[in-house]
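The primary structure of each chain is shown beneath.
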Amino acid sequence: MPFITTSDGAQIFYKDWGSGRPVVFSHGWPLNADAWDNQMMLLASRGYRAVAHDRRGHGRSTQTWQGNDMDTYADDLAELMDQLGLTDAVVIGHSTGGGEVTRYLGRHGTSRVSKAVLVGAIPPLMLKTEANPEGTPRSVFDEMRATMAADRAQFYRDLSAPFYGANRPGSKISDGLREQFWRLSMQVGLKAAYDCIRVFSETDFTEDLQRIDIPVFVAQGDDDQIVPIQAASLKSVRLLKNASLKVYPGAPHGISGDYEAAFNADLLAFIQD
């Protein structure tokens, strides 16, 4: 299996499909690169080079005790881009992966990247504060940590419902998709998963967003129960210099079904433009 070795010795697994202009995917918590298989298949079949990695601590990458923080995640992405020699790339991040992409661009610049996509992404800040009243209260994240630490298997099974909107009337989400979410989630190390709750909830990306100077497609469902749109995309698009926003009515956090079909079409149009 292909890996890169980071400066601190971590092994980062990646998938590299097709050839052509690179499109690099960063996955959400608590999943791994496999969450992007449909989009990778779509793009690799249309003449692009689709690359996706497992974040450290997740999937097939090293379960490091240290380094479960957004700066290190961004540095790992930078090392992947550098070691694979990727240029003129489109970088795409979902949820926590959207934070990783945003911090990468803010911290390492855009010399290797020409466009970015943030879908259901956590920037600018998920946590509710005096300056961010639309955010989620800290007590919600404290409860997530406690519940996951007590019984992570059941926690992930329960989380799959709001993640994909399976708890909404008329949902068509399959049991198989929810089981796949559980399977991928169980591959993340407990320490990395626990640390990442603080990372995705408390990291402020305001300055990163303001530094980004390339076109950014911001996408999110307005029924996202995981990353509330009022504290996320609706704010991010105002902080970015060159952004377009697409809101998908009734769509959840997880990209699936009709939402996935619409997003895939918009993604292709944005990349090809």
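Use the structure listed above.
Participant: Outline the overall build of the protein, supporting the account with residue identities and numerical values.
Facilitator: Looking only at helices and strands, the protein features 10 helices and 8 strands. Against the 2.2 N^0.38 benchmark of 19 Å for 273 residues, the protein shows a C-alpha radius of gyration of 17 Å, consistent with a compact globule. Each principal axis of the C-alpha atoms in the protein carries an extent, and together these give about 40 × 40 × 40 Å. The 273 residues of the protein split such that 56% are buried. Considering only intrachain contacts with a sequence separation of at least 6, the fraction spanning at least 24 residues in the protein is 78%.

Participant: Residue-level account of the packing of aromatic side chains, with values.
Facilitator: What the rule picks out here adds up to 12 aromatic pairs. Ring centres of Phe-141 and Phe-200 lie 6.1 Å apart, and the angle between their planes is 75°; this geometry places the pair in the edge-to-face category. Of this pair, Phe-141 sits in helix α4 (residues 138-150) while Phe-200 sits in helix α7 (residues 190-202), and the two are 59 residues apart along the sequence. Neither residue differs from the other here; Phe-141 and Phe-200 are each classed as buried. A network of ring pairs unites the aromatic residues Trp-29, Phe-141, Phe-155, Tyr-156 and Phe-200 as a single cluster. Directly above the ring of Tyr-73 sits Arg-55, whose terminal nitrogen or CZ lies 5.4 Å from the centroid. Sitting above the plane of the Phe-270 ring, Lys-115 keeps its charged end 4.9 Å from the centroid.

Participant: Which residues make up the side chain of Arg-145, and what are the values?
Facilitator: Tracing the backbone shows Arg-145 in helix α4. Side chain to side chain, Arg-145 and Asp-142 meet in a polar contact 2.8 Å long. Beyond its immediate chain neighbours, meaning those up to four positions away, Arg-145 contacts Tyr-194, Ile-197, Arg-198 and Glu-202.

Participant: Account for the nonpolar core, naming residues and giving values.
Facilitator: Among the nonpolar cores identified, the biggest contains 28 residues, and Trp-29 and Phe-200 are the most heavily contacted of them. For this core, the elements supplying multiple residues, two or more each, are α2 (70-84), α4, α5 (152-164), α6 (175-185) and α7. Counting 27 residues, the second largest nonpolar core, distinct from the first, contains Met-81, Leu-84, Ala-116 and Ala-121.

Participant: Run through the pairing of strand β6 (residues 113-119), naming residues and quoting values.
Facilitator: Among the 7 residues that make up β6, 7 are buried, leaving the element largely enclosed by the rest of the structure. One crossover worth recording links strand β5 (residues 89-94) to the parallel β6 by way of helix α3 (residues 96-108), and it is right-handed. In the sheet, β6 pairs with strand β7 (residues 216-221) via 4 bridges, with the strands oriented parallel. The residue of β7 that forms the bridge with Ala-116 is Val-216.

Participant: Can you explain the sheet that holds β6? Please cite residues and give values.
Facilitator: Strand order across the open sheet formed by 8 strands is β1-β2-β4-β3-β5-β6-β7-β8, with mixed pairing between neighbours. In this open sheet, the two edge strands, each paired with only one partner strand, are β1 (3-5) and β8 (243-248). Taken pair by pair, the neighbouring strands of this sheet meet at an average axis angle of 20°, ignoring direction. Docked against the sheet, α2 engages β1, β2 (11-17), β3 (21-26), β4 (48-53), β5 and β6, running at close to 110° with respect to β1.

Participant: How would you sum up unusual backbone geometry? Please name residues and give values.
Facilitator: That bond from Trp-29 to Pro-30 is cis: its omega, 0°, falls within 30 degrees of zero. Here the bond from Pro-123 into Pro-124 is cis, since omega is 0°, no more than 30 degrees from zero. Note on placement: Pro-124 falls in the loop between β6 and α4. Even without being a glycine, Asp-88 presents a positive backbone phi close to 50°. Structurally, Asp-88 is set in the loop between α2 and β5. Classification of Asp-88 by relative accessible area gives partly exposed; the value is 42%. Phi is positive for Ser-95, close to 60°, though the residue is something other than glycine. For Ser-95, a relative accessible area of 5% corresponds to the buried category.

The rules we used
- Residues numbered from 1 in each chain as written.
- Predicted model: local features only at pLDDT ≥ 70, side-chain atom pairs only at ≥ 80, totals over all residues.
- Heavy atoms only, no water.
- Helix = DSSP H or I, 4+ residues; strand = E, 2+ residues; numbered from the N terminus.
- Rg over C-alpha atoms; globule rule 2.2 N^0.38 Å.
- Buried < 20%, exposed > 50% of the residue type's maximum accessible area, 1.4 Å probe, protein only.
- Contact = heavy atoms within 4.5 Å.
- Phe/Tyr/Trp six-rings, centres within 6.5 Å; stacked < 30°, edge-to-face > 60°.
- Lys NZ or Arg CZ within 6 Å of the ring centre and 35° of its normal.
- Polar contact = N/O pair within 3.5 Å; in protein donor to acceptor, adjacent residues only side chain to side chain.
- Core = buried A, V, L, I, M, F, W, Y, C linked by side-chain atoms within 4.5 Å.
- Right-handed = clockwise from strand over helix to strand, strands pointing away.
- Pairing = 2+ DSSP bridges.
- Axes fitted to C-alpha atoms, helices over the stretch in contact; angles between N-to-C directions.

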